[in-house]
Structures are given as C-alpha cells and as structure tokens.
Amino acid sequence: MTERIEVRKTYKLFINGAFVRSESGRSYEVFSHDGEFLANVAHASRKDARDAVVAARAGQAVWAKATAYNRGQVLFRVAEVMESRRAQFEEELRRTENVSEKKARKAVDNAIDRVVWYAGWTDKLAAIAGANNPVAGPYFNFTVPEPTGVIAIMAPQSDSLLGLLSVILPAIASGNSTVVVTSFHRPIPAITLSEVLATSDVPAGVVNILTGDFSEIGTWLAEHSDVDGIDLAGVPVGDFATKLEALAASNIKRVARPFTGDWNDEPSLYRLRQWIESKTVWHPIGA
Amino acid sequence: MTTAAHLVHLAASDLEDARRDEASLRSFISRLPGVDKVGLEARAAALGTRSIKTSAKAQLIDLAIAMVDLTTLEGADTTGKVTQLCAKAVTPDPLDASVPAVAAVCVYGDKVADAKAALSTHPRGAGINVAAVATAFPSGRASLAVKLLDTRDAVDAGADEIDMVIDRGAFLSGRYGQVFEEIQHVKQACGQAHLKVILETGELQTYDNIKRASWIAMLAGADFIKTSTGKVPLAATPANVLLMLEACRDWHRVTGEKIGMKPAGGIRTTKDAMKMLVLVHETTGDEWLTPSLFRIGASTLLNDLLMQRQKLRDGHYSSSRYVTND
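Residues numbered from 1 in each chain as written. Chains lettered and ligands numbered in written order. Predicted model: local features only at pLDDT ≥ 70, side-chain atom pairs only at ≥ 80, totals over all residues. Heavy atoms only, no water.

Our focus in this paragraph is the pairing of strand E3 (residues 129–134) of chain B. Residues and elements named next belong to chain B. Counting buried positions over the 6 residues of E3 gives 5, a clear majority of the element. Across 5 bridges, strand E2 (residues 104–108) lies against E3 in parallel orientation. Each bridged residue has a counterpart across the sheet, and for Val105 the counterpart in E3 is Val130. For the segment spanning E2, helix H7 (residues 112–120) and E3, crossover handedness is right-handed. (Buried < 20%, exposed > 50% of the residue type's maximum accessible area, 1.4 Å probe, protein only. Helix = DSSP H or I, 4+ residues; strand = E, 2+ residues; numbered from the N terminus. Pairing = 2+ DSSP bridges. Right-handed = clockwise from strand over helix to strand, strands pointing away.)

What follows is the structure in structure tokens.
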C-alpha cells in the first residue's frame, strides 16, 4: 500500500474576496510558540497593500449601501461560521499562543461573543451616535452617523484572534471597509478568519487581510490618500507609531492610537465611534 | 517573421494592383500570410511583462496623456458633459499645470459644435482636435448615403478627425470590395479631416480577419486604423494591437507612408497604457511614439494616468478624490 501524500496548505493573502499570492512572490516561515515550524505564509508587499486599498474602496461602496440590519445579519453569520470552525481556531491558538486547551476554548468563546456583540450594534449605532437636534427655526435637524471609508488596521501582535476581531469589527459594523495587516509572528488565526469571511456573505473587499510586517507596509498605508483612517492598535508606542501618525496627517486621516489595554476587557463604543463621521441634515417642517 | 519575408517581395505596384478591382483586392488579401496565433499572443504577452519605473515611467505617463483621445460616446451625452470633457482635455489635472493636454476629444457627430465651442474658450484648446464618430457608429448598419451624410455633417460642424466603422457584416460575408469602397467614399467625404477606420476587432472573429481588415483599410486610404468602438468586449487586447501595429509597420516598409494606430476600448490602467507604448516601440519603432501616429481612445484611463503621475510626484498613493469625475 502506498503512503498517503500529505496535503500541505499554502497560506495566501485575502484581497477583494479572493485568496492570492503576494505580488512580490515572497513568503516567510511561521513558528509555534515552541519554535516548531507551522507554515509558510505570504509576505505582503507595498503593491499588495495598494491592491487591497483599491478593493477596499470598491467594497466600501457596496457595504455602506447595505442596510444596518443586513450588516448585522452578515456579522451574525460570521459568528455562525466561526462556531463551526471553532476546533480549528482552538488548535491554532494553542499552538501559536502556547495556551492550554481550556484557555484556547475560552479565547474562542470570547472572540465569537465579540462578533455577536458588534453584530448587535450595527442597527443601534445610529440611535446613540445620531441625534434629533433642537434648532431655533422651522426645521427638523438630524445628525446621522456615516462610515468614514477605508480603514487601514495594524492588528495586535500578540492577541491574534480576539484582538484582531476587536479592531476589524468596529470598523466594518458601521459600514467601513478595511485593509488589515496581521500580527507578523502569529498570522494563522487571521488567515483562518479570512476563510470564515469568504464564506459568510461579507462582500468582497470589505475585509482584506495581509499577512506581513506593518513596519514595511504601514508607512504606505499611512500616507495613502485613498485611506481614510488608520488604526495603530498593533504598533508599539514609540517613534514608529509617531511617524505613522504624522504621515496620516497628510490627508487628514482619522487615527486610532496604539492600544495598551487588554482585549479581554469588556468592549466599549470607543472604537465604533472612531470610524464614523457625523452628517447633519436640515429639513424644512411641513414641506 | 513570415510577414516581413513576404513583404520584401511586395512592391508599391502590388498595392496599386490590389486597388484596381474587387477580384484583384480579393486576390491580394488572400495572399497575405496567415497569422501565427500562438506566436502573436506569446510575443504580446512577453512584451507586456516589461517593467518600466521612475523617470522612464514619468516620461511615458506624460506621453500617454498627450496621446489620449478623451472620449464620451453615450446616449446621455449633453452639452454640459461635452463642455466638461473639453475642460478636462485642456487641463487634465487642474492642480498641476505641468500636465500636458490630451490629443483630442472624441464625441458623437452632433456634439462636435459643442466641443469646438468649448475648446475655443481655452488658450490651450486650439491644439486639441475634435474627433467625431460617424457612419452610423457603433453598428455601422446604415446605407452608404446615410453614412456619407453622417460624415459630412460632422466635418461641416468642424470635426478635425472622423472615426468611422467598417461594415463588419459585409466583411464577414467576404464582400471586401464593398468594405474597401465604403472607406474610400468616406475618406472623400472627410475632406481635410483625418480618417480613422475602426475595425471592431471583437466582431472579426479571427486574427487573420483583423489583419485583412487592416490592409483593406490602409489600401482604401485610412490615416489611422483603430481597434474598436469600445462598445464590444475583447477590444484592444495586446495581441490585437500588436497585429495591427505590424500591419502599419509592413505598410511603411512597402510604401514609406506612416499610418497611425489607435487602440480603444478596455484600456483602463496606466499599466495597460504602458504595455501599448512598449508594443509601439518594439514594432513600428519610436517614430510612432507621437500623438500624430498613435492615440489611445479612453475615458477612465486618463484618471488613472493622473493618479499615477501624482504618485510619482508626491511619493505616495493618490486617491480618485484628487482627480475629476468625467
């Protein structure tokens, strides 16, 4: 009897709803916490980031047009698909983050709960971030939240699943699209998440996942004129973060500064509010 | 390479002979060597992989902008839309005066007067031609009388260039003579205006047909041969463009005349445009790298060229917010 040939997985980038190799052809090795070889993953380049921004711009228009209720349904579907893949997520977390089975299970629970939490907020955000403003005149005056646009996200480096979701979800819940640079050393849960997103009715381009090094492509994203906001969650506080903030000012991007807390803490509305713009409409009464 | 070898034996007198009557035209066309499909596509693909960077890229972007026939061919075109298009043709990037103007604006015949009026208000407008599509564009399904009237109408309105479509129905039925004569008549109706002959490559089915149609158009007096109307898919593919450029090159070898070439349809990115310029450089040579012999018919391409130009200038990627719509 012949020995079975092992099917080895080639990890790719997730751009515009498709799994693609890096335009540069580069890849790098990823190891478990114990130094055991896990996989070769694509090493995203500047041009991959550029392509991802193009995809995100196109996807954003589609995603923002969907009703808030529909976005909530789609995010809930993400939670469903994650649930059915939870064994895979747990296994990956155990190996990349060197946690016990019990802790891995808890981490996946938290991650899925976070998806559901943000799924619930999609159609309630307008109620708390919007307003019916009292004005001195015969007008209705409404303020409604609108998505900021394309958000570049430097994902947390150590918390590779819950941290990742905690930065992607607040951006997409309100109708933004994202270009995510994953944790460099722990990219595998993000790759699995991209497979979840690809099968969850999330339109192409809404979430683009680049495995690679933020110190290489972060600057290109920070100064890219077609990126409207940048989340520096995974960038350590320091000179490089400051540099990205300064570059982001070139086209007046919104910036979320480096994150120093614990992703396991109860989420707040801070990040949801970070990626919205307020539109105020005056409407004549009786017209 | 068979093409070149064959044409070494071809003399200007053979072309004269081909123009004599339908039978001799047919005989000439049937003697054109067949196109090696695999070789053609491989060569076009190989030339498309060439990497052009930094200062060479900057130079080619400006050249490509100067070669653009900025086009609007919609049923919904209005005077306002044409005026806007002309403003963009003159000053493609309102924030950067160093950007060259485009070569021409391309509109339907009834919008020629609007385009002329709009261009006349700009100091740089005089250098920009107005091209009109004519002869029952895009289908070409009308009688010769109507096509000629359509042409004269545009010329009388002031069109500097006429983009005509060949009768693909007649061509595909093998009535080469009819196609040839129609082009001749339209050429006559053009007067001083330059004639671009649209082959509509997407409807010609085979590379051999594209080659034959190119030769018929050149024999009949085309100043330019143009790939497509932009209304049919599979328009200006690199292989189609290469094949037509080879026809221009061969014509030049035999007659010494330079026929222009205009790919149109499906050229949307700077990369696509760079590929076209490489094809020109490698096929007809640098003499064709001028707006008087090479044009790119496009509407969305210009914005991508501008964004790439901004990227080279500023060192970071630009956004469609920094270029004008339409």
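Past the structure itself, the notes keep going.
Listed per partner, the contact involves 10 residues of chain B and 11 residues of chain A. Taken together, both faces of the contact between chain B and chain A bury some 1,000 Å²; the carbon and sulfur share is 43%. Considering only the side of chain B, the residues that lose the most area to chain A are His316, Tyr317 and Arg321 of chain B, jointly responsible for 59% of the buried surface there. Between Asp228 of chain A and Arg321 of chain B there is a salt bridge, with the nearest N and O atoms lying 2.6 Å from each other. Linking chain B to chain A there are 6 residue pairs in polar contact (both at pLDDT 80 or more). By residue class, the composition of the side of chain B that touches chain A is 2 nonpolar, 5 polar and 3 charged. (Contact = heavy atoms within 4.5 Å. Buried area = accessible area lost by both parts, 1.4 Å probe. Salt bridge = Lys/Arg side-chain N within 4 Å of Asp/Glu carboxyl O. Polar contact = N/O pair within 3.5 Å; in protein donor to acceptor, adjacent residues only side chain to side chain. Nonpolar A, V, L, I, M, F, W, Y, C, P; charged D, E, K, R; others polar.)

As a further point, take the pattern of salt bridges. What the rule picks out here adds up to 44 salt bridges over all chains. Put simply, Arg57 of chain A and Asp226 of chain A hold a salt bridge, and the shortest N to O gap is 3.3 Å. Pair noted here: Arg57 of chain A is in helix H1 (residues 46–65) and Asp226 of chain A is in the loop between helix H8 (214–223) and strand E10 (229–231), with a separation of 169 residues, a long-range link. The exposure classification of Arg57 of chain A matches that of Asp226 of chain A, with both residues buried. The residue Arg94 of chain A makes a salt bridge to Glu91 of chain A at a minimum N-O spacing of 2.8 Å. With Arg94 of chain A and Glu91 of chain A both in helix H3 (residues 86–97), this residue pair falls 3 residues apart, about one helical turn. What makes Arg94 of chain A partly exposed here is its relative accessible area of 32%. A network of salt bridges, in which partner residues are shared, links Asp69, Glu161, Asp163, Lys196, Lys226, Lys262 and Arg295 of chain B.

Tallied over the full model, the rule gives 14 aromatic pairs over all chains. Taking the centre distance of 6.0 Å and the plane angle of 65° together, the rings of Trp117 of chain A and Trp121 of chain A count as edge-to-face. Linking Trp117 of chain A with Trp121 of chain A, this pair stays in helix H4 (residues 101–121), spanning 4 residues, or about one helical turn. The structure contains a cluster of three or more aromatic residues connected by ring pairs, namely Trp117, Tyr118 and Trp121 of chain A. The lysine or arginine in question, Arg46 of chain A, covers the ring of Trp220 of chain A, its NZ or CZ lying 4.8 Å from the ring centre. Over the aromatic face of Tyr317 of chain B sits the side chain of Lys311 of chain B, whose NZ or CZ is 5.1 Å from the ring centroid. (Phe/Tyr/Trp six-rings, centres within 6.5 Å; stacked < 30°, edge-to-face > 60°. Lys NZ or Arg CZ within 6 Å of the ring centre and 35° of its normal.)

So, about the confidence of the model for chain B. Overall, the predicted model of chain B reaches an average pLDDT of 94, with 97% of residues at or above 70. Element-level pLDDT for chain B is lowest in helix H1 (residues 2–8) of chain B, with a mean of 50, against a maximum mean of 98 in strand E5 (residues 194–198) of chain B. (pLDDT = per-residue confidence, 0-100.)

Attention now moves to the environment of Pro233 of chain B. Mapped onto the fold, Pro233 of chain B is located in the loop between strand E6 (224–226) and helix H12 (238–255). A sequence separation of 32 residues divides Pro233 of chain B from Thr201 of chain B, and the C-alpha atoms of the two residues are 9.2 Å apart.

What sets the pattern is the α-helix's 3.6 residues per turn: residues three or four places apart point alike. A large share of helix H7 (residues 188–198) of chain A lies buried, amounting to 10 of its 11 residues. Considered for burial, the residues of H7 of chain A that qualify are Ile188, Pro189, Ala190, Ile191, Thr192, Leu193, Ser194, Glu195, Val196 and Leu197 of chain A.

Next up on the list: the side chain of Asp93 of chain B. All names here are of chain B. Along the chain, Asp93 falls in the loop between helix H6 (79–90) and E2. Within the buried core, Asp93 has no salt-bridge partner, and the shortest N-O distance to an opposite charge, that of Arg313, equals 4.3 Å. At 3.1 Å, the side chain of Asp93 and the side chain of Gln310 are in polar contact. In contact with Asp93, not counting residues within four places along its chain, are Val99, Leu306, Gln310 and Arg313. (Lys, Arg positive; Asp, Glu negative; His and termini not counted.)

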